Each structure stands twice: as structure tokens, then as C-alpha cells.
Amino acid sequence: MTGRQKTEAALSKNGTPEIPAVICYEGIFIRDQWERLTLYPWWYKQAPDMERQMAWRREVMEKISQDWFVLPSFYSSGRRQHLSIDVRGEEVFLIDSRTGKRDRLTKPEISGWQVQGGQHSVKQDHLAETLSEIDELIPVSSSSDPVRIMSDGRDDLASSLLKDFGATLYPIRHVASPLWLTYYLWGFEGMMTMIAEQPELVKHACRRFLAKSVHSVHEAAEMGAAGIWIEECMTDMISPEAFASLCVPFVRSLVDEIRAAGLKSIYYYCGDPAGKLEHLISVGADALSLEESKKGFVIDIEDVAEAVGGRCTILGNLDAINLLPDASEEQLRAEISRQIAAGRRNGSRFIMSLGSPVTPGTSVQKVRLYCDLTHELGTL
């Protein structure tokens, strides 16, 4: 079976005879390991021409050997005609010939941390506390209309990747949970305060964010994606009751839209699911993905498989922080085997995955070994 066939089978009610291997948030891994994944210079990732984009992506996909990939959007064809790269020693510029504007490109930092300092979290000096303020801050328009995406060439890179890899690898796109998106509206403190004190205002914001996420789903479908990864963060810090009221209905609606568009949904819950696991299952996503044990909580894949009981696909949560970077082949083999066995008890509705992104200190060789061992051990 190809990687795509394995993943499609894993996301079906019948399960899969061959377990697929994936990593979550491949973009983080690529950023942190660029020089070990490809011989091309870092600025190829921001290059406006298709040849360079396809060149580095082919190398990276071969090195990782996972069974899915994220479909990217791209510059419009009209804009690409006027963009070029100018390399001046250590400095790299993106030039727009129409305006003469020269944007200096910055090499991405490992781990994404800004070495020059600055704020790394959302802080709002003023909290939007009226319906009109929220409507102004969360505009819902047709600017991301899928037809426009297709007609202006922003899907060209995705189309080329699908032509090369779409038959063998499973293409996905990412969206965020509507409640999680309120963090960007209010910041952490504001989000928590609003959830506790103004739940109706939170629901209004979630309705706006849901509309934007639905636009993203339709765009993904038009681009050729097969699955949608739904990210949920920070909501382990609210009560199960608040989660059931302010999160579940909107994620359920999002899942329904994903299914109506002919795609599969993978719901990734970041944090401790204690008291919320049934709520997570109730949204009706095709698959559920949870973190590995950390931050003082324990999430054992065997317990997850027992609780889910075949009602949806589950993703593995192999420890990407304390196990993967330093594990011997024997240790890695043992944990992958344990997780696959748990997945088989879930009716083989299982995808081998990590509980969180690959850390900067994890080698490319170890990630490749993880994928290779899964392919070996996951074949009946």
C-alpha cells in the first residue's frame, strides 16, 4: 500500500492492515533541520519560483519518508511575474519589480525563537468587549474564495506537488478551532477572562472564527487536500462545562463542514484531556490526536484506545521530547510496537504519530528510523 492508501484506510471505519507513519507540524521540523534535510540554501523556502520550491520539497520528502504532507499555498501567478531573489553575500532580498521594493529575508531561527528578543505571546492593550468591535476585528469576507485561489495561481505549487506525490502521500491542510483562535483576539489572560465572565461574547467571536475556518476548509478542498488537521490549544485550562458549551458545538460544525466537503478531519487536542475525552470524541471528527505525557499529566495510548473503543481513528502519541531524540533502536522499536498494538485494539483505526512536534535536538536520521520502523512493524 502507498502512504496515501494506508492513511485513507486508517481513517475509514474498517481500519488499515498497514499502519502509516506521520509527524505532526512538519514545517517546524523542516525549519529546525533545514541544512540536514536539503542542500539548497534556506531562502529557497521563500523563493517565488516553482522550480526552486519543488526542488527542496522533493529532497525533504525523500529524507523524512512519512506518509502525508502539508499542501502549501503560494504567491499568485500575477505577483510571481514581478518577484525575484537577489543574493548579496550573506544578505538575501525579495524584489518586486513593479514597486522597486526590496524586502530583506531573514534566515529562520531554530526553534522559532527571536534572538533579538521581543514579545512571543499575544498581549492586547484593549479587549474587544462589544459585538461591533469583534465584527471589525474578525472580518468575514469572500477574499479567500476558493474560485479566486484557483484562478489567480495561488494553488499552482499545491497542484505541482499533488502531481508528483498525490498518488502516494496523503495531502492535508491545517485549520484552528474557533475557540482557540480567540487567543489571537484577546491574548491568554483576556481569553480566559472572557470565557469566565462573558461566554455569550465568546460564542459570537467563535461564530465569526468558524466562518473563517470554513472558508479555509473549502479552499483546502479546491486545492486537492484530503484531510484537515484541526488544532486545539489552551482549552485544557477551562472547565469541562465551559469546553462543552464554548468549544464543542463550533468544532462539531467545523467537522460537519469538512465532511460535507468530502474531506477527513483529524482533531488535535493540545494539553491534558482529563474530564474532556468524551467531549473530544463527541465532535465527530474522523480521528483524534493527543499529546504525549508531559506537563504533569499522563496520556497513555492504551488508555486512549480503550476509551475510544473504535468510535474514531486515533493517532499515536510517541514521546517526541524525552524518548525520540535519544532512544536506541531497540527502545524505539518497543514503543512503536506498543502503540501499534493499542491501535490494533481500536479496530486498526490507527495512524502512528508523535505527541508533539519533533524537537530541534532530534536528528533527521532518528525521524527517518521512526518512520521506517513503523512501516516495518505496522504490516500485518
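Residue positions are counted from 1 within each chain, in the order its sequence is given. In keeping with the model being predicted, local features are shown solely for residues with a pLDDT of at least 70 and side-chain atom pairs are shown and tallied solely at 80 or more, while totals for entire chains, interfaces and linings include all residues. No hydrogens and no water enter the side-chain calculation; it runs on all heavy atoms of the structure.

Engineer: Teacher, can you tell me more about the overall build of the protein chain here?
Structural biologist: A count of helices and strands for the protein chain gives 16 helices and 10 strands. Against the compact-globule benchmark of 21 Å for 380 residues, the protein chain has a radius of gyration of 21 Å, which places it among compact chains. Taking the principal axes of the C-alpha coordinates as reference, the protein chain spans close to 60 × 50 × 40 Å. Classification of residues uses two cut-offs on accessible area relative to the type maximum, computed with a 1.4 Å probe and protein chains only: under 20% is buried, over 50% is exposed, and between them is partly exposed. Looking at the protein chain as a whole, 53% of its 380 residues qualify as buried. Only heavy atoms matter for contacts: two residues are in contact if any of them lie within 4.5 Å across the pair. Residue pairs in contact within the protein chain that sit at least 24 positions apart in sequence constitute 75% of those at least 6 positions apart. As presented, the protein chain carries roughly 16,700 Å² of accessible surface, and 50% of it is formed by carbon and sulfur atoms. Strands here mean DSSP runs of E at least two residues long; helices mean DSSP runs of H or I at least four residues long; both are numbered from the N terminus. It is over C-alpha atoms that the radius of gyration is taken, and the globule rule equals 2.2 Å times the number of residues to the power 0.38. Only the protein chains shown count as cover for residues, and all accessible areas are computed by the Shrake-Rupley method using a 1.4 Å probe.

Engineer: Help me understand helix α16 (residues 364-377), please; the structure alone is not making it clear to me.
Structural biologist: Side chains three or four residues apart in an α-helix point the same way, a direct result of the helix having 3.6 residues per turn. Multiplying 1.5 Å by the residue count of a helix minus one yields the expected span of that helix. The end-to-end C-alpha distance of α16 is 20 Å, a good match for the 20 Å that 14 residues give at a rise of 1.5 Å each. All of the buried residues along α16 are Val364, Lys366, Val367, Tyr370, Cys371, Leu373, Thr374 and His375. Lining the buried residues of α16 we find α1 (3-10), α2 (26-32), α3 (34-37), α4 (50-64) and α15 (329-344).

Engineer: Is there a simple way to think about the pattern of salt bridges in this case?
Structural biologist: Note on pairing: side chains with opposite charge can pair once their charged atoms come close. A pair is scored as a salt bridge if a Lys or Arg side-chain nitrogen falls within 4 Å of a carboxyl oxygen belonging to Asp or Glu. The final tally for this structure, using the stated rule, is 29 salt bridges. Between Arg345 and Glu302 there is a salt bridge, with its nearest N and O atoms 3.9 Å apart. Residue Arg345 is located in the loop between α15 and β10 (350-351), and its partner Glu302 is located in helix α14 (residues 301-308); the two are separated by 43 residues in the primary sequence. Overall, Arg345 belongs to the exposed group, its relative accessible area being 55%. In this structure, the salt-bridge partner of Glu329 is Arg333, at a minimum N-O distance of 3.4 Å. Taken together, the residues Glu329 and Arg333, both in helix α15 and 4 residues apart, mark about one turn of the helix. Given a relative accessible area of 36%, Glu329 falls into the partly exposed group. Among the residues examined, Arg333 registers a relative accessible area of 27% and is labelled partly exposed. Here the residues in one salt-bridge network are Asp300, Glu302, Glu335, Arg338 and Arg345, joined through shared partners.

Engineer: For this particular structure, what's the right way to read the nonpolar core?
Structural biologist: Nonpolar side chains tend to gather and get buried jointly when the protein is soluble and globular. The set of buried Ala, Val, Leu, Ile, Met, Phe, Trp, Tyr and Cys residues whose side-chain atoms join them within 4.5 Å is what this entry labels a nonpolar core. With 123 residues, the main nonpolar core has Leu179, Trp186, Tyr267, Leu318 and Tyr370 as its most contacted residues. Those residues in contact with Trp186 that sit more than four places away from it in its chain are Gln124, Leu127, Ala128, Ile134, Met191, Met194, Leu201, Val202 and Ala205.

Engineer: What's the story with the environment of Tyr170 in this structure? I'm lost.
Structural biologist: With respect to the helices and strands, the residue Tyr170 is situated in strand β5 (residues 170-176). For Tyr170, a relative accessible area of 1% gives the class buried. Residues Tyr170 and Leu263, spaced 93 residues apart in sequence, show a C-alpha to C-alpha distance of 11 Å. The definition of a polar contact used here is a pair of N or O atoms within 3.5 Å, where within protein one atom must be able to donate a hydrogen and the other to accept one, and adjacent residues in sequence count solely through side-chain atom pairs. Side-chain polar atoms of Tyr170 contact the backbone oxygen of Ala226, separated by 2.9 Å.

Engineer: Would you take a moment to explain the state of the cysteines for this structure?
Structural biologist: Any covalent bond linking the sulfur atoms of two cysteines counts as a disulfide. By disulfide we mean two sulfur atoms from cysteines, separated by a distance within 2.5 Å. Counted by the stated rule, this structure contains 0 disulfides. Cysteine Cys270 remains unbridged, with the sulfur of Cys233 as its closest cysteine sulfur at 4.3 Å. Free cysteine Cys371: the closest other cysteine sulfur is in Cys24, separated by 12 Å.

Engineer: What is the right way to look at the packing of helix α10 (residues 199-223) against helix α12 (residues 248-260) in this model?
Structural biologist: Each pair of packed helices gets described by two things: the angle between the helix axes and the distance between those axes. The axes used here are C-alpha line fits, helices contributing only the stretch in contact, and every angle between their N-to-C directions lies in the interval 0 to 180 degrees. Two numbers describe how α10 lies on α12: the axes approach to 10 Å, and their chain directions differ by 20 degrees. Taken together, the axes of α10 and α12 lie roughly parallel to each other. Considering only the axes of α10 and α12, their crossing is right-handed. Judged by residue contacts, Lys203, Cys206, Arg207, Leu210, Ser213, Val214, Val217 and His218 of α10 engage Phe250, Ser253, Leu254, Glu257 and Ile258 from α12. The residue classification treats Ala, Val, Leu, Ile, Met, Phe, Trp, Tyr, Cys and Pro as nonpolar and Asp, Glu, Lys and Arg as charged. All others, Gly included, are polar. Across the contact of α10 with α12, the residue classes tally to 7 nonpolar, 3 polar and 3 charged. With respect to orientation, any angle under 35 degrees is reported as roughly parallel, any angle over 145 as roughly antiparallel, any angle of 65 to 115 as roughly perpendicular, and every other angle as oblique. Two helices that cross are described as forming a left-handed crossing if the nearer one is turned anticlockwise from the farther one by less than a right angle, and a right-handed crossing if clockwise.

Engineer: Help me understand the sheet that holds strand β1 (residues 68-70) in this model?
Structural biologist: Adjacent strands of a sheet pair through backbone hydrogen bonds, lying either parallel or antiparallel. When DSSP finds two or more bridges between two strands, those strands count as paired. Ordered in space as β1-β5-β6-β7-β8-β9-β10, the 7 strands form an open sheet in which the pairing is parallel. Unpaired on one side and paired on the other, β1 and β10 mark the two borders of the sheet. One ladder, built from 3 bridges, connects β1 with β5; its direction is parallel. Along β5, the bridge assignment pairs Trp68 with Tyr170. Here α12 sits on the sheet in contact with β5, β6 (227-232) and β7 (264-269), set at roughly 170 degrees to β6.

Engineer: Hey, could you run me through the sheet that holds strand β3 (residues 91-96) in this one?
Structural biologist: Judged by pairing direction, the sheet is antiparallel, and its 3 strands sit side by side in the order β2-β3-β4 without closing on themselves. Each edge of the open sheet is held by one strand with a lone partner, namely β2 (83-88) and β4 (101-105). Strand-to-strand, the axes of this sheet are offset by a mean angle of 30 degrees, without reference to chain direction.

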